Amino acid sequence: MLSTPGKILYLLKLIFAHRSSWYSKLLVLLGVVYLLFPADLILDTLPFLGLLDDLSFLSLFTWLAYLFMPLELKQILRSRFNR
């Protein structure tokens, strides 16, 4: 089982792998753009809700990107991280 920093590193390597699909990379990019873009669905002036909104969209886009990754690429990187 991977620790939280290990899972983040695993996801980053998975996203930036050459064999990952372009739409997976696009989904992660959209999540990061939403996080950094000043116009949000819930304003950042509401301290907790604005941050929760940003993180939920980033998590959603990252999860969708993970679903679209090729299974064999996930297995190869998972075996490297489990060593």
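Quick note: structure is the one above.
Residues numbered from 1 in each chain as written. Predicted model: local features only at pLDDT ≥ 70, side-chain atom pairs only at ≥ 80, totals over all residues. Heavy atoms only, no water.

Novice: Mind showing me how you'd approach the environment of F61 here?
Specialist: By secondary structure assignment, the location of F61 is in helix 3 (residues 47-67). Take F61: its relative accessible area is 17%, and that puts it in the buried class. F61 sits 34 residues away from L27 along the chain, and the two C-alpha atoms are 5.3 Å apart. When sequence neighbours within four positions are dropped, the list of residues in contact with F61 reads L27, V28, L30 and G31. (Helix = DSSP H or I, 4+ residues; strand = E, 2+ residues; numbered from the N terminus. Buried < 20%, exposed > 50% of the residue type's maximum accessible area, 1.4 Å probe, protein only. Contact = heavy atoms within 4.5 Å.)

Novice: I would appreciate a short explanation of the packing of aromatic side chains in the present structure.
Specialist: Describing an aromatic ring pair means giving the distance of the ring centres and the angle of the ring planes. By the definition in use, this model includes three aromatic pairs. When the centroid spacing of 5.5 Å and the interplanar angle of 85° are considered together, the rings of Y23 and F68 count as edge-to-face. One end of the pair, Y23, is in helix 2 (residues 22-36); the other, F68, is in the loop between helix 3 and helix 4 (71-81), with 45 residues separating them in the sequence. Across the ring face of Y66, the terminal group of K74 is positioned such that the distance to the ring centre comes to 4.3 Å. (Phe/Tyr/Trp six-rings, centres within 6.5 Å; stacked < 30°, edge-to-face > 60°. Lys NZ or Arg CZ within 6 Å of the ring centre and 35° of its normal.)

Shape is all these values report; function is a separate question.
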